[in-house]
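Close look at the chain arrangement
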Amino acid sequence: MAFNLTRRRFLQSASLAAVSIPLSKVVSAETGFTQSPLEAKGSLNEETVSGGICEMCFWRCQLIGKKREGRLIKLEGNPKSIDNGVSICARGNAGIKLLYDPDRLKYPLKNVGERGKPVWKRISWDEALAECSSRLKGVVDKYGPQGISVFPHGSTAKYPMHFFERTVGTHNVSEASFFQCRGIRDTAYLATIGKAPGEKVDMANSKAIFLLGSHIGENIHVSHVKNFAKGLQNGAKLIVVDPRYSAAAAKSDIWIKIKPGTDTAFLLAVMNYLVKNNKYDAEFVEEYGDGFEEFTEGIKDWSLEKAAIECDITPDEIKQVAEMLAVNAPNVSIHPGRHVSWYGNDFQRQRSLACLTGLLGAYYVKGGWVPGKTPKVGKVSWAKHEHDTEHNLNYDEDEEMRHPFTPPGTPTELIRDAALTGKPYPIKGCVIWGQNPIQTIPGQEKMKDVLRQMDFVMCVDVMPTDATMYADILLPEVSYLERHDLVKTGTQWDFSEKHQQYIAARLPLVEPMFERKDQVFITNAIATGLGHKDEIPVKSVEELVEKTLEVAGLSLKQITQEGGIHLQDGKDPYGVPEDFEVLFYNEDIEDAGFPGVPTYIPIDQPPAGYARLLYGRVPVHTFNRTQNNAWLHYAMPENPVWINDETAVKLGLKDGDVVGLVNSEGFKSRTTTTLKVTPGIRKDSVYMAHGYGSVNPLLSVAVNAGVDDQSLITKIAVDPETGAHGMRNNFVKLIKDGKVLDIPA
Ligand code: SF4
C-alpha cells in the first residue's frame, strides 16, 4: 500500500501538530505549537511569572507561567528563550495537570503492608528521615557502603546520587538514562571522537539528514524538532532507516524498512561503498582520521548484496542512501540517536554512526555534527572519598573490567545479579529517586525480586509509580514548577542566526504545596543521619544554584531579575578543532577483547509464530510523570499495537480489535489494548508506545490504561562493551478473545 502523506502535508500537520493536543485548540500555522484559545483572543490578563524550566521531559524548555490568585493556570515558552522560544509541547503545556494532580504524593508515607502490596501510613518528616537514615546506616554498618544500590533519574537525583556515590562510597549506582537509554551512544562516540555527541546535529542547515531509528516528531524535544523541521523546510533530503513508518519516515525521501537488529550491517555496506567508490571525504580522513587502513580492511567484505540479504532490503536501496549522503557531504546530519539500547549489539552500531560521520567529513561543518560552544557554569559536588575497585562489580576477580566501555555508574544487571545471589557481596539497601525501575528495566519480575530481598527500600518521587509500591518509606518531592534547580546552558538552536549563548536557572513559579520537599533538604537530612554532616556542600537548593552561577559571574538575584535567562554573545560553532580525531580503528577496544573496527554482530530472530516487539515514544507521553496526566491521557488513553495490514488480514484481525499479547517466554500482558492495522510496519515486528499499563492503584488515571510493554520485555540482553541493556529482543504473539494467534511468517 502506498502512503499518501507528502512532506508539505507533514510540515503543516503531522509531526508539528503532534506537539499540540486537543487541550489547546489553537495551533499556530507557522510553528505548529500551541496557544491557548484565551491567549489567542487576547483576553487573558493575569500575573505572569517567568524563570520556569520544564521537566516533563529532560529537554528543559524555558517557561513562563500565567497565574490567577496564586494558582498557575497556564504555561508557555519564555519569549526570551533562544532555545524553545515561545513554544512548548503538549507535555509541557500539561505540566499544570502534574502540578495539581490530586494523586500526587503529598506527605511522607510508611508502608505498613508488604512490598508490592503496600498499606500506607502518613508519618512526619522527622520520623521518615530518621527511619531512612537509621535503616540505611544499618545496611552500611552490616554490609559496607557497597550494600546500598541507587536508581536515580532526573535533575533532582544528581545531588543525592553524588552523595551516595562519592561520600557514602557505593559504586552501585545505575542511571536509566545511561543503562537503558543513551549510555551506549555516549561511550561509543567517546571511543571514536573523544566526546559524547548529544543530539548536536545542525539539521537546520543540513543538505541531508540521516535518521537511524530516531523518531523525531514522536519523541518531541521542542528546539530539536524545530531544528529538524527547519532543515526540511530548507529542502534537506531525509533518509529514515526504521522497521516502522514513523512520523519522520512519513516525510522521508528514502525510507529503508530494515530488518530489526541489522543496522550495523547496513552502515558497514554504506561505508564500504563510499570507500570503494572514492565517495568519502579523503581530505578530512587524511587530516583527522586514525586507523583508516584497518578500518577499510575490516569492512571490505560488506558488499551491497551481502548487507541487503542480512537487512532484508535491496542492494539498490543501500546504494541510494550512500549516494545521497555522498552527494550532499559534508553538510549532512548523521543523527547519533538518543534511546539506543536496542539489541545488545549497539555499541558497534553507534561506533559505525560516528565513523560514517567522519567518512563524510561531517564534523564541525555547516549541517553536520556541531556541538556549539556553551557557557561555563559551576558544579556542586559532595566530597569524594577514596574508593578502591574491590567492590566495583564491573571488575572481575582478575581486576579486568567486564564492560570496559561502560557509562558512569555500574551496569544494572551486575547490581541485580549481585543482589539476588549475594555474590560477591549482599546488596540490601535501595534508594530509588525519580526512577521507575519496574517499568524501565528489562525483567520486571527480576526487579521485583531484587527489591523484595532488600532490608530497606526508600523512594523519592513526585508521583506514585509501580516502583514506589516496593518502598518502605516513600517521600514526596516538589515538582519542577515549585523549586529552584540546576542551571541549563546552551546556544541558539539555529547556527545560521546570530551566535548567542544562554544560562537559565530553574526558578519556582509557585510555592510548594502540602509537605513536599526538595532534594537538598532530603539528602542533607539523610547525610546528617549517616554521619556526614560536616561534608554537606550546600545548605539549600538556592545555595546550590547560587554556587553554580558564581562561576559564570552571575547570582541568583541577577538571573531572577533577568527573568530566569541570561543571554550573552556566542561564538562561531563551525571549524574543526586542531586536536580533533576520528578513530576509525580503536586499538583500546581491540585490546579489551572487542572488535576495534565497527563490526556487525547478528542477533536472534523471532521463532516461528512470533513477531519482534518494538516500542517507542509518542508526543503526549514519554516519562513516568506523564502517565497519570489527565490532559495527556485524554489525548492518547492507551497504546495501540501496530501490526502489518497483510498479517492482520491473514489473522482475521481488523483495526480497533481488542487484543492482549504473550511473549515467547510465556509472559502475558495483564491488560488489553486496541490494534492499529497499518502497512507501516514490517511483518516480522509489532510496535507499541512505551510506558503504559501501570498497576499502581494510586494512579487513578493511568492504572490499567493500555499495555505495559515492559512486562513483555523479559529477555535480558546486555551489550558486551558497555553493560547496557538491549531491549528489543523479545518476541510476541497476539491474543484475541482468549485465543493465542501465531504470527504468519
Ligand atoms: S520538549 Fe516538551 S516536555 Fe520536554 S522540556 Fe520541552 S516543553 Fe517540556
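Cut-offs used in this document
Residues numbered from 1 in each chain as written. Predicted model: local features only at pLDDT ≥ 70, side-chain atom pairs only at ≥ 80, totals over all residues. Heavy atoms only, no water. Near = heavy atom within 4 Å. Nonpolar A, V, L, I, M, F, W, Y, C, P; charged D, E, K, R; others polar. Domains from an automatic or database assignment. Pairing = 2+ DSSP bridges. Helix = DSSP H or I, 4+ residues; strand = E, 2+ residues; numbered from the N terminus. Axes fitted to C-alpha atoms, helices over the stretch in contact; angles between N-to-C directions. Salt bridge = Lys/Arg side-chain N within 4 Å of Asp/Glu carboxyl O. Contact = heavy atoms within 4.5 Å. Buried area = accessible area lost by both parts, 1.4 Å probe. Parallel < 35°, antiparallel > 145°, perpendicular 65-115°, else oblique. Left-handed = near helix turned anticlockwise from the far one by under 90°. Buried < 20%, exposed > 50% of the residue type's maximum accessible area, 1.4 Å probe, protein only. Arc of directions from axis to C-beta. 1 Å grid on protein atoms, 1.4 Å probe; cavity = no way out; pocket = protein on both sides within 12 Å on 5 of 7 lines; lining within 4 Å. Points joined across faces, edges and corners; volume = space filled by probe spheres on them. Core = buried A, V, L, I, M, F, W, Y, C linked by side-chain atoms within 4.5 Å.

1. A look at the site of the ligand
Around the ligand there are 13 residues in total, and C54, C57, R60, C61 and C89 lie nearest to it. Of the residues that constitute the shell around the ligand, the class distribution is nine nonpolar, two polar and two charged. Taken domain by domain, the makeup of the shell around the ligand includes at least three residues from each of domain 1 (7–99) and domain 3 (198–370 + 576–591).

2. Considerations on the sheet that holds strand β14 (residues 429–433)
Two strands in a sheet stick together by hydrogen bonds in their backbones, pointing the same way (parallel) or opposite ways (antiparallel). Pairing within the open sheet is mixed, and its six strands lie in the order β7-β6-β16-β15-β14-β8. Both edges of this open sheet fall to β7 (120–122) and β8 (148–152), since each of them pairs with a single strand only. The sheet shows a mean angle of 20 degrees between the axes of neighbouring strands, taken without regard to direction. As defined by bridge partners, strand β6 (residues 109–111) adjoins β7 across three bridges and the pair is classed as antiparallel. Bridging from a neighbouring strand, K110 pairs with K121 of β7.

3. Brief notes about the pattern of salt bridges
On inspection of all chains with the given rule, the structure shows 36 salt bridges. The partner of K488 in a salt bridge is D83, with the nearest N and O atoms 3.3 Å apart. One end of the pair, K488, is in strand β17 (residues 485–491); the other, D83, is in the loop between β5 (71–77) and α4 (90–93), and 405 residues separate them in sequence. We note a salt bridge from R452 to D449, for which the minimum N-O separation is 3.0 Å.

4. Topic: the domain arrangement of the protein chain
The domains assigned to the protein chain are domain 1 (7–99), domain 2 (109–178 + 377–478 + 511–556), domain 3 (198–370 + 576–591) and domain 4 (611–741). Computed over C-alpha atoms, the centres of domain 2 and domain 4 are 30 Å apart. Counting residues at the interface gives 29 residues for domain 2, matched by 32 residues for domain 4. Across the domain 2 to domain 4 interface the summed buried area is about 2,100 Å²; carbon plus sulfur atoms make up 57%.

5. Thoughts on the environment of K676
With respect to the helices and strands, K676 occurs in strand β24 (residues 673–678). Here the alpha-carbon distance between K676 and V707, two residues 31 residues apart in the chain, equals 14 Å. If sequence neighbours within four positions are ignored, K676 has contacts with P640, V641, W642, I643 and D655.

6. Things to note about the packing of helix α10 (residues 263–276) against helix α15 (residues 346–359)
At a minimum axis distance of 9 Å, the contact between α10 and α15 shows a crossing angle of 25 degrees. When the interaxial angle is binned, α10 and α15 end up roughly parallel. For the pair α10 and α15, the sense of crossing is left-handed. On α15, the residues that touch D263, T264, L267, L268, V270, M271, L274 and V275 of α10 are Q348, R349, S352, L353, C355, L356 and L359. Class assignment for the residues of the contact of α10 with α15 results in ten nonpolar, three polar and two charged.

7. Notes on helix α13 (residues 304–311)
When we look at burial in α13, the residues that qualify are L304, A307, A308 and C311. Summarising the axial view, the buried residues of α13 lie within an arc of 105 degrees, below the 170-degree limit, and thus occupy one face.

8. Concerning empty space enclosed by the protein
Under the definition given, this model contains six cavities of 30 Å³ or more. Its boundaries defined by the atoms lining it, the largest cavity holds a volume of some 240 Å³. Lining of the largest cavity is provided by 19 residues; of these, S214, H215, N219, R338 and H339 occupy positions nearest its centre. Of the residues in the lining of the largest cavity, the class split is five nonpolar, ten polar and four charged. The volume enclosed by the second largest cavity comes to roughly 160 Å³. Taken together, 17 residues make up the lining of the second largest cavity; nearest its centre are E55, D461, V462, E477 and R625. Of the residues in the lining of the second largest cavity, the class split is four nonpolar, eight polar and five charged.

9. Considering the sheet that holds strand β19 (residues 565–569)
If you trace the three strands from one edge of the open sheet to the other, you get β17-β18-β19, paired in antiparallel fashion. Looking at which strands have only one partner, the edges of the open sheet turn out to be β17 and β19. Taken over all neighbouring pairs, the strand axes of this sheet differ in orientation by 15 degrees on average, direction set aside.

10. Looking at the nonpolar core
Core analysis: the biggest nonpolar cluster contains 107 residues, and L72, F210, F266, L325, L356, L359 and Y363 have the highest contact counts within it. The next biggest cluster of nonpolar side chains, apart from the first, holds 43 residues, and it includes Y143, F163, W433 and L530.

11. Regarding the pairing of β5
Counting buried residues in β5 gives five out of seven residues, a clear majority hidden from the surface. Pairing between strand β4 (residues 62–68) and β5: six bridges, direction antiparallel. The partner of G65 across the bridge, within β5, is L75. Hairpin connection from β4 to β5: two residues lie between these consecutive antiparallel strands, with E69 at a positive phi of about 50 degrees.

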